[in-house]
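Structural overview
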There are 2 protein chains.
Amino acid sequence: MQAVLLATGDEIRTGAIIDTNSAYIAEKLEMQGVAVYGHVCVGDRRADIRETLATISRQAAVAVVTGGLGPTADDRTAEAAAEALGVGLHLDPDALKNVTRWFEQRGLPMGTANRKQALLPEGAVCLPNPVGTAPGFALTIADCRFFFLPGVPREMKVMLDRHVLPALAERMTDKRAVRQIRVVSTFGLPESAVGEKVRDIEDQFEDLRVGLRVVFPEIHVRLYGSGEDETEVRRNLAAAAHAVQTRLGRRVLSTSGAEMAAVVGKLLLARQATLAVAESCTGGLIAKQLTDVPGSSGFFVFSGVTYANDAKVRVLGVDQATLDDLGAVHEDTAVEMAEGARRVAAADFAIATTGIAGPDGGTADKPVGTVCIGLATLDGVRAWRYVYPFGDRDLNRRIFAAMALDRLRQYLQGHLVLESIG
Amino acid sequence: MQAVLLATGDEIRTGAIIDTNSAYIAEKLEMQGVAVYGHVCVGDRRADIRETLATISRQAAVAVVTGGLGPTADDRTAEAAAEALGVGLHLDPDALKNVTRWFEQRGLPMGTANRKQALLPEGAVCLPNPVGTAPGFALTIADCRFFFLPGVPREMKVMLDRHVLPALAERMTDKRAVRQIRVVSTFGLPESAVGEKVRDIEDQFEDLRVGLRVVFPEIHVRLYGSGEDETEVRRNLAAAAHAVQTRLGRRVLSTSGAEMAAVVGKLLLARQATLAVAESCTGGLIAKQLTDVPGSSGFFVFSGVTYANDAKVRVLGVDQATLDDLGAVHEDTAVEMAEGARRVAAADFAIATTGIAGPDGGTADKPVGTVCIGLATLDGVRAWRYVYPFGDRDLNRRIFAAMALDRLRQYLQGHLVLESIG
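The structure displayed is predicted, hence computed values, not measured ones. (Residues numbered from 1 in each chain as written. Chains lettered and ligands numbered in written order. Predicted model: local features only at pLDDT ≥ 70, side-chain atom pairs only at ≥ 80, totals over all residues. Heavy atoms only, no water.)

1. Examining the overall build of chain A
For clarity, the threshold we go by: Where helices and strands are cited, they refer to DSSP runs of H or I of at least four residues and of E of at least two residues respectively, numbered from the N terminus. The cut-offs for exposure are 20% and 50% of the maximum accessible area for each residue type, with area from a 1.4 Å probe on protein chains only; residues under the lower value are buried, those over the upper are exposed, and the others partly exposed. The contact criterion used throughout is that any non-hydrogen atoms of two residues lie within 4.5 Å. Charge counting follows a simple rule: Lys and Arg are positive, Asp and Glu are negative, and His as well as the terminal groups are ignored. To locate a charge, the coordinates of NZ of Lys, CZ of Arg, CG of Asp or CD of Glu are taken.
For chain A, the count of helices and strands is 16 helices and 17 strands. Its C-alpha atoms put chain A at 80 × 55 × 40 Å along the principal axes. Expressed as a percentage of its 422 residues, the buried residues of chain A come to 56%. For chain A, the proportion of contacts with a sequence separation of at least 24, taken over those separated by at least 6, is 68%. Here chain A contributes 46 positive and 52 negative side-chain charges, whose respective centroids are spaced 2 Å apart.

Here it is in C-alpha cells:
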C-alpha cells in the first residue's frame, strides 16, 4: 500500500512556516508498513489543491492531506476535494456537532464563519476533532482513500492516531508486516566515519536497513527492521544495535536512542550523585539541555551562567589573578569555575565551559571555536582545551556543551582513566 | 516565472529528518519575485527522481532540487537527471577540480567514491561548491531550468545565494517586481486576537498582504509588499507596520521583527544597564535566549539556574524560612531570587522565574502551568503569578521565559507604572 502526503497552505508554500507535519505522518505510516512514496505541498488556491488531489488519486492508494480546514476564506480544502470528486458540499450533522460542542464546552459564542467548517463533500465520512474546531473527513477519489486533517500539529497528531492509523491497519489486507525502529546515539565521530564503520551491518542481518541522522553534534544510527513476527524483529534489531556498539565502543551514548543530557542524567541517578555546572560561552545551554530531561531535579542542582568575568569571581570564586594573568578562556579558569560551581552548590560533580563561540572575540592563539572544559569530581579536577572549525556561533555552542557533558559521561563510564584526574 | 522545489532522499521521505531547505528556498525565491507553485519530496530511487523531474519540467519554468549529490551509492540525483534529459554522465573537469581542491586544502586523501561526485550529466553547467565536496549543476529539461544543489543546509544556502538567485534575476525578462517583507513581532495576545486586529490593514494599503506566523509564544505579523519602485514599497510597508503598532500598542515588541530577548537587550544597552537572572523552572532557557543575541555580553552578566532549593539558598541567598513556609513557587520566593541575583552579580536589573512546568509537580492550588515572576529594579521589586493552560512542559517553559522578559521590557518601556513597584 503506497501513500502520498499533501500539505496545503500559502504559509508553507512560500516558506513562512516549515512543514513538520509531513515528516511526522511519514514516520508513523512507514512504521505501520505503509510505504510513503513522497510528499507534496501546494498553496491555498482551490484549483491547485483540486489538481493535486486528482494527480495523487492516480499515484497512491492512500493520501493524508493537512491544512485548509479552518473557518476563514483561505481554507478551501473541502471545496477542492468536492470538486475533485465531482460532488457538492453539504452541512454534515456530525461535523456541525463537533464544531458546536467545541464552543459550548468553552462557553463561547460560535461565529458564523465556524459553521463553514461543518460543510463537507457529499459522501465524505466526518472524522471528529476532539481538540479543536476543525473536523476532518475521509473520502475516496478513484481508488485512493484520502484522509483530510487540520494543519495545526497538535490537532493533526491526535486525529492521525485516532482515525487514520486504525483505518489503515484495517485496510492492510496482506499479512501485516511488522516494522520497528531502533536508534543508537553516538558522539565524537563525524557522520562519514560512523557511516563507514556501520554501513555493512545492513548485510549481516536479514531485513535490516541502516540510516544515519545528524542530530548535531550527535550522529544517530537508525536501524529499521521488518518481518512477520514482532519478537523476531525486535531480537534482530537488538542484535544489530549490539553490533553497532561493538564497532563504535565509547562513542556510543545509548542503544535506545537517548541523547547526551539524558544519558548523563541516567548515569548520575544510578550513582545518586548531583551535578552543578558553570557556563560562560554556552550561556545556559547545558542547563537547558539537562532540565529538558524528565526527572532532572533528581540530579541537576545548579548552573552558574557567569557570562561576565566579574560574575565568575563573585559567584564562583574564580581568582581575579587567574583572569588577569591567563584570561577567561584558559584551562586554569575552567578548573576554578568547575571547582567553584561544585563548592557553592555542594554538588558531587561539576563541569565548566569557557570559550569563544564567535562570531567575534577570536585571537591568533585563541581563535573562534576554542573552548576550555573543566571537570570537578570527588577525586580532583581536570581541564581540556579544544578548537572546533565550524565558524558558527550556534554550532560552536552546541558542540561545546556536548563536549563538556561527554567528558563527564566518559568519566562516569570509566572511559577516562582516573589517574589522569587531579 | 513559476518555480517548483524538489527535495530528494529517503531520510526526508520517511520522516527521519524534516525538510527545512524547501521553506528557506521558497522564501528567497518569493522575495525575488519568483512565484513558488509548490514543493515535492521523493526518496532515493532513481526512477522516482527521474519521473518527478519529468513531471516538474512540464509544470514549471524553474526548479531547485536539493539532495542526492553525495559520494555514496544512495546519491543518485545526477544519474536521474541524465536519464530525464536522455543523456549520459561524463567526468566534468570543473566538478573534479571542486572535489579535488576541497581535499587538497584540508590535506586529506580523496576517496575514490568522491570521484563519482564529479560525474555530471552531459550538457550540464557545474555550480562550484565553495564549502563542501559536492558540486551542484544546472541544466534544462523541456522548458524548465533545473538547479541541483546539495542537501546539507549550510552548503545549499551558500550555493543558492551564489549561483541560483543571480541566475534567476537574469532570467526575469519582464520588468522586475520589487518584493519586500516587514515583520512586526508581538507578544501577549493569542493568534486569533492579533488576526482580528490587523487583518483589514491589508485593504488599507495597496499591494499589501498580511500573514501571521506563530513563533511561540510570540505572534509575528508579516507584511508582504510588492510594487515597481523599491522606495515606494519600503515606504508603504513602514506605514503598514506603523498601523499595526497603533492597533496593538504595548503588545508590539518590534516593528523590524526582533524577538523578545533581542528587544530587551537593546533596551538595556540603550540605558547602559546590566541584567542578572535567577531561573528555576525555566532551567537556563532565559540565559540561553539572552546569550543568543549578538553583543549580549554588553548587558547580560549572570544567570543563577538554581534548580534545587538548596542552591536558591546557597547561591542567591533566598531565606530557608520562605521556602519552608511558602514553598519554592511563590511570589515571595520570586522576589528573593530576583533580589539575590541582582545582588550577587551586582547588576542593575534582575528577573526571576519559579514555577511548575510539568509534566509532574502540580497541586490543586499550584497546578502545572503556574509561574511566579520576580522583577528587581533600581526602584524596588515586584512579583506576579500566572497560570497557563498549555499542559506541555516545553511550551510552559517558553511562555514562562517570555513573560519574565516581557515584565522587564514593559518596565523599561514605561508600560508598567513605577508606583506599583516596591
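2. A closer look at the packing of helix H3 (residues 46-59) of chain A against helix H4 (residues 77-85) of chain A
Residues and elements named next belong to chain A. Formally: Axis angles are defined between N-to-C directions and span 0 to 180 degrees, where every axis is a line fitted to C-alpha atoms and, for a helix, only to the segment in contact. If an angle is under 35 degrees, it is roughly parallel; if it is over 145, roughly antiparallel; if it lies from 65 to 115, roughly perpendicular; otherwise it is oblique. The sense of a crossing depends on the near helix, which, turned anticlockwise from the far helix by less than a right angle, makes the crossing left-handed and, turned clockwise, makes it right-handed. Just so you know the grouping, Ala, Val, Leu, Ile, Met, Phe, Trp, Tyr, Cys and Pro go in nonpolar, Asp, Glu, Lys and Arg go in charged, and all remaining residues, Gly too, go in polar.
Close contact between H3 and H4 brings their axes to 8 Å; oriented N to C, the two are set at 50 degrees. The orientation of H3 with respect to H4, classified from their angle, is oblique. Our pair here, H3 against H4, has a crossing hand that is right-handed. Residue-level contacts link Arg46, Ile49, Arg50 and Leu53 of H3 to Thr77, Glu79, Ala80, Ala81, Glu83 and Ala84 of H4. Looking at side-chain class alone, the contact of H3 with H4 contains five nonpolar, one polar and four charged residues.

3. Concerning empty space enclosed by the protein
Applicable threshold: Of the two site types, the cavity is a set of points on a 1 Å grid over the protein atoms alone where a 1.4 Å probe fits but cannot get out, and the pocket is an open set with protein on both sides within 12 Å along at least five of seven lines, each lined by residues with an atom within 4 Å of a point. Grid points are joined across faces, edges and corners, and a volume is the space filled by probe spheres set on the points.
Under the defined criterion, the tally for this structure stands at one cavity of 30 Å³ or more. Of all elements in the fold, only helix H2 (21-31) and strand E2 (35-42) of chain A together with helix H2 (21-31) and strand E2 (35-42) of chain B reach the threshold of two or more residues within the lining of the largest cavity.

4. Structural notes on the sheet that holds strand E10 (residues 208-215) of chain B
All names here are of chain B. The line we're drawing: Between any two strands, pairing holds if DSSP finds at least two bridges.
If you walk across this open sheet you meet the four strands as E10-E11-E9-E12, and the pairing is antiparallel. Lying at the two open borders of the sheet, with one neighbouring strand each, are E10 and strand E12 (252-254). Strand-to-strand twist across the sheet, computed as the mean angle between neighbouring axes with direction ignored, equals 35 degrees. Sitting on the sheet, helix H8 (residues 191-198) touches strand E9 (178-186), E10 and strand E11 (218-227), and the angle it makes with E10 is about 165 degrees.

5. Description of the relation of the copies chain B and chain A
Where we set the bar: The atoms used to superpose the copies are C-alpha atoms, taken from residues with pLDDT of at least 70 in both, and the fit is least squares.
You can overlay chain B on chain A at an RMSD of 0.4 Å; the transform is a turn of 180 degrees with a shift of 0.4 Å along its axis. Considering both components of the superposition, the chain copies are consistent with a two-fold axis. With an isologous cut-off of 70% or more, the 97% of interface residues of chain B that recur at the interface of chain A puts this contact in the isologous class.

6. Things to note about a nonpolar patch on the surface
Applicable threshold: Put simply, a patch holds well-exposed residues, over 30% relative accessible area, that have no salt bridge, with like charges counted together within 9 Å and Val, Leu, Ile, Met, Phe, Trp or Tyr side chains within 5 Å. Per-residue and other accessible areas were derived by the Shrake-Rupley procedure at a 1.4 Å probe size, with only the shown protein chains allowed to occlude residues. Salt bridges are counted wherever a side-chain nitrogen of Lys or Arg sits within 4 Å of a carboxyl oxygen of Asp or Glu.
On the surface, a cluster of nonpolar side chains totalling about 200 Å² of accessible area is made up of A:Leu89, A:Leu91 and A:Leu119. Note on placement: A:Leu91 falls in strand E4 (residues 89-91).

7. Some words on unusual backbone geometry
Going from A:Gly358 to A:Pro359, the amide bond is cis rather than trans, its omega being 5 degrees. Residue position: A:Pro359 is located in the loop between strand E15 (349-355) and strand E16 (370-377). The residue after B:Phe216, namely B:Pro217, is reached through a cis peptide bond having omega 0 degrees. Tracing the backbone through its elements, the reader meets B:Pro217 in the loop between E10 and E11. One non-glycine residue, A:Ala346, adopts positive backbone phi at about 50 degrees. Mapped onto the elements, A:Ala346 comes out in the loop between helix H15 (331-344) and E15. A:Ala346 sits in the partly exposed class, given a relative accessible area of 45%. The residue B:Ala142 is not glycine, and still its phi comes out positive at about 55 degrees. Looking at the element boundaries, B:Ala142 is found in the loop between strand E7 (136-141) and strand E8 (144-149).

Just distances and angles here, no functional claims.
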